[in-house]
Amino acid sequence: MKKTLGILAIVLTGSAQAEHFLEPAEIARLTPHPAVTGISRYISEGVNLDLYDKRLIGSVTFYFAEKSKSKGMDADEMKQISDTMKDSLLAVASEQGKVVSAPEEGTILINVAITDINMQNKKRGLLGYTPMGLVASTAGNLAGIRVQLRDANIEGEVVDSITGKVLLVFRTDDIGNWDDKKGLSWEDLRATLEDIMAKVVTAAGR
């Protein structure tokens with residue numbers, strides 16, 4: 001995996017290997033979560049996440065599928081998506097324990113990625129702009145993102161913020177009940193990410 005901290009990392013590529021955040025060896029170790037449908041995970045041997053009482057939110061990265069019709073996205077929209085995802089992670093993390101802004105003992109660093117992004121072609125023209133001042137990083141505004149998705153996944157890692165040891169990796173197998181005709185929405189991704197944070201990351205050690 002690519003370990004990044006506190007920045008927006010944008011990966012614009014169509015190569016097969018770069019469709020994923022996790023390394024092939026990590027993906028091979030994943031097994032279905034016993035209690036959360038649609039999620040696979042791998043917990044490093046001997047790890048107990050209950051021993052970590054602080055959370056540090058790292059990066060949100062983007063990986064485009066080779067088959068995606070479009071691999072371009074407006075910088076403001078991409079930042080809006082990234083900021084919203086991080087806001088959601090922070091909101092859930094604050095309910096689970098203390099949130100910190102730098103590595104500390106007893107702190108897990110959580111990095112996530114939106115992977116296998118398959119986007120439809122975006123219409124261009126006079127309306128293809130975002131008026132200044134209208135981009136906001138709140139969850140409700142994801143419904144206004146103009147780029148339509150067909151599909152995507154979520155992958156991520158939980159690491160010891162001091163040692164860098166990988167404690168847990170996870171990946172979605174199925175985002176959920178999205179409209180097959182309209183495709184997957186950015187809001188679907190945000191809601192799924194919150195579920196992962198609440199049910200997979202913290203509960204992993206129990």
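From a predicted model like this one, the values you see are computed outputs, not experimental measurements.

Cut-offs used in this document
- Residues numbered from 1 in each chain as written.
- Predicted model: local features only at pLDDT ≥ 70, side-chain atom pairs only at ≥ 80, totals over all residues.
- Heavy atoms only, no water.
- Helix = DSSP H or I, 4+ residues; strand = E, 2+ residues; numbered from the N terminus.
- Buried < 20%, exposed > 50% of the residue type's maximum accessible area, 1.4 Å probe, protein only.
- Contact = heavy atoms within 4.5 Å.
- Areas by Shrake-Rupley, 256 points an atom, 1.4 Å probe, with all protein chains shown as cover.
- Phe/Tyr/Trp six-rings, centres within 6.5 Å; stacked < 30°, edge-to-face > 60°.
- Axes fitted to C-alpha atoms, helices over the stretch in contact; angles between N-to-C directions.
- Parallel < 35°, antiparallel > 145°, perpendicular 65-115°, else oblique.
- Left-handed = near helix turned anticlockwise from the far one by under 90°.
- Nonpolar A, V, L, I, M, F, W, Y, C, P; charged D, E, K, R; others polar.

J.: An account of the overall build of the protein chain is needed here, citing residue identities and associated values.
T.: Regarding its fold elements, the protein chain presents three helices and eight strands. In the protein chain, which comprises 206 residues, the proportion classed as buried is 46%. Within the protein chain, residue pairs in contact and separated by at least 24 positions form 82% of the contacts whose partners lie at least 6 positions apart. Surface summary for the protein chain: the accessible area is close to 10400 Å², and the carbon and sulfur share equals 51%.

J.: How would you summarise the packing of aromatic side chains if you had to cite specific residues and measurements?
T.: If you walk through the whole model with that rule in mind, you get one aromatic pair. For the ring pair F21 and Y63, a centre distance of 6.4 Å and an interplane angle of 65° mean the geometry is edge-to-face. With F21 in the loop between β1 (8-10) and α1 (24-29) and Y63 in strand β4 (residues 54-64), the pair connects residues that are 42 residues apart, well separated along the chain. Y63 shares its class with F21; the two are buried.

J.: Kindly report on the packing of helix α2 (residues 75-96) against helix α3 (residues 186-201), identifying the contributing residues and their values.
T.: Two numbers describe how α2 lies on α3: the axes approach to 9 Å, and their chain directions differ by 25°. Taken together, α2 and α3 sit at an angle that is classed as roughly parallel. Judged by the twist between their axes, the crossing of α2 over α3 is right-handed. In this structure, α2 uses I81, T84, M85, S88, L89, V92, A93 and Q96 to contact α3, whose residues at the interface are W186, L189, R190, L193, E194, M197 and A198. Its residues assigned to classes, the contact of α2 with α3 shows 10 nonpolar, three polar and two charged.

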